[in-house]
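The lines below spell out each chain.
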There are 2 protein chains.
Amino acid sequence: MSIIFSRQCEYALQAVLYLALQPRGTLTSSKDLTTRLGVPYHFLGKIMQSLTRKGLLRSQKGSSGGFALALPPKDITLFHIVEAIDGVDFTKKCVLGFPECSGKNPCAVHHQWAGLRENIYEMLVRKNIAEMAKETKKPEFRAR
Amino acid sequence: MSIIFSRQCEYALQAVLYLALQPRGTLTSSKDLTTRLGVPYHFLGKIMQSLTRKGLLRSQKGSSGGFALALPPKDITLFHIVEAIDGVDFTKKCVLGFPECSGKNPCAVHHQWAGLRENIYEMLVRKNIAEMAKETKKPEFRAR
DNA sequence: GCGTAATCAGATATTATTGTCTTAATTATA
DNA sequence: TATAATTAAGACAATAATATCTGATTACGC
Ligand code: SF4
Ligand code: SF4
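Since the model is a prediction, treat every value here as computed from it, not as a measurement.

## Remarks on the pattern of salt bridges
Turning to step 1, where the next piece is worked out: Using the criterion set out here, one finds 10 salt bridges over all chains in the structure.
Turning to step 2, where the next piece is worked out: With its nearest N and O atoms 3.8 Å apart, the salt bridge here joins aspartate 89 of chain A to lysine 92 of chain A.

Written as structure tokens, this is what we have:
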């Protein structure tokens, strides 16, 4: 069980975070990403395609091609990535899986849960990835 | 995407909550559960079996048989159910899906995330289902 | 121009999850 | 004791998620 986000989405988050740590203007190839992150090559390829189509990344084909952020890192949040890959229905849904239920006749956990959902949302939008990159310590992420 | 818990687990939570609302000592059949909750009959059957094997429910075969809680409602929390169905690895895992990473060299969201995980855990253990049943308003859950 | 390195795109394969069906075992009750 | 209702169990089917493969396309560098 992957928690909250699909595996695809996790990979996407990791990849974008990695890109954010590379010097501005450089391209990073899928191959590079795949070895650094240890995720399956072709699968990541598809994910990068999605992110590119959504306009979060730009890609360059051909020799010495690769991917880079399409926007300044300070204009991207984790939310954008989750939105592009998994969608953001979770902001509305019930943890217990009850359909058509939200707040009128609340069950005993609704308040707690509604707050939690808010927290997840906060976590996703609070920091842009420029800030995140600055604060991230993972040495294996730095350009070698 | 089902949020946090698998669909199985959601059904399990719903079913146990329903059972908690039935008068103590009565048995509820799968058929009854399935129509009240609107979930697939046989699938639910299997889930009930699991919960029974784990000792959370007791079952009675035969005519006028069914399921009931195996423990007093005040001794059961949502955590027990999640534990039985999905497992509780999520209490340790990283939202971003990074393996082998937890707190040393924390990334920029680790603190927020760790708190969030704690909140989810809290939500699951805070109330026992006796309290929840008392506070739950869902009229379609009451015995007719 | 040509060869190489890279992404792009789509087809396919594998695995996990969800759902269905069928039969057997069990029990209350008529 | 026969019958009907019910869970138990396992086989099967459908769907969704994850992963891999292959060929095409593009761009760079020689
Ligand atoms: S009231 Fe309870 S069941 Fe309804 S949406 Fe809120 S948490 Fe879910
Ligand atoms: S530091 Fe960041 S990447 Fe590591 S476990 Fe915590 S949240 Fe996940």
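Moving on from the coordinates now.
## Observations concerning the nonpolar core
Generally speaking, soluble globular proteins have nonpolar side chains that are buried together.
Turning to step 1, where the next piece is worked out: Ranked by internal contacts, the top residues of the largest apolar core, which has 96 residues, are Leu51 of chain A together with Leu51 of chain B.
Turning to step 2, where the next piece is worked out: Considering every element that reaches this core, the biggest residue donor is helix α1 (residues 7-21) of chain B, with 11 residues.
Turning to step 3, where the next piece is worked out: The contact partners of leucine 51 of chain B, leaving out residues within four places of it in the chain, are Ala12, Val16, Leu56, Leu57, Ile81, Ala84 and Ile85 of chain B.

## Side note on the relation of the copies chain A and chain B
Turning to step 1, where the next piece is worked out: Note on the copies: chain A fits chain B at an RMSD of 0.1 Å, the axial shift is 0.1 Å, and the rotation between them is 180 degrees. This pairing of chains is accounted for by a two-fold axis. Closest approach to the rotation axis within chain A is made by the C-alpha atom of isoleucine 4 of chain A, at a distance of 2.4 Å.
Turning to step 2, where the next piece is worked out: A high fraction, 100%, of the interface residues of chain A reappear at the interface in chain B, so the copies pair face to face through one surface.

## Describing the interface of chain A and chain B
Turning to step 1, where the next piece is worked out: At the junction of the two partners, chain A supplies 41 residues and chain B supplies 41 residues.
Turning to step 2, where the next piece is worked out: Of the roughly 3900 Å² buried between chain A and chain B on both sides combined, carbon and sulfur atoms contribute 72%.
Turning to step 3, where the next piece is worked out: Applying the counting criterion to the chain A and chain B interface returns 0 salt bridges.
Turning to step 4, where the next piece is worked out: For the pair chain A and chain B, the number of links is 4 residue pairs in polar contact (both at pLDDT 80 or more).
Turning to step 5, where the next piece is worked out: Going through the elements one at a time, α1 (7-20), α5 (110-126) and α6 (129-135) of chain A are the ones with two or more residues in the side of chain A that touches chain B.
Turning to step 6, where the next piece is worked out: The element best represented in the side of chain A that touches chain B is α5 of chain A, accounting for 8 residues.
Turning to step 7, where the next piece is worked out: Per-class residue counts for the side of chain A that touches chain B are 24 nonpolar, 8 polar and 9 charged.

Basis of the calculations
- Residues numbered from 1 in each chain as written.
- Chains lettered and ligands numbered in written order.
- Predicted model: local features only at pLDDT ≥ 70, side-chain atom pairs only at ≥ 80, totals over all residues.
- Heavy atoms only, no water.
- Salt bridge = Lys/Arg side-chain N within 4 Å of Asp/Glu carboxyl O.
- Core = buried A, V, L, I, M, F, W, Y, C linked by side-chain atoms within 4.5 Å.
- Buried < 20%, exposed > 50% of the residue type's maximum accessible area, 1.4 Å probe, protein only.
- Helix = DSSP H or I, 4+ residues; strand = E, 2+ residues; numbered from the N terminus.
- Contact = heavy atoms within 4.5 Å.
- Least-squares fit on C-alpha atoms with pLDDT ≥ 70 in both.
- Buried area = accessible area lost by both parts, 1.4 Å probe.
- Polar contact = N/O pair within 3.5 Å; in protein donor to acceptor, adjacent residues only side chain to side chain.
- Nonpolar A, V, L, I, M, F, W, Y, C, P; charged D, E, K, R; others polar.

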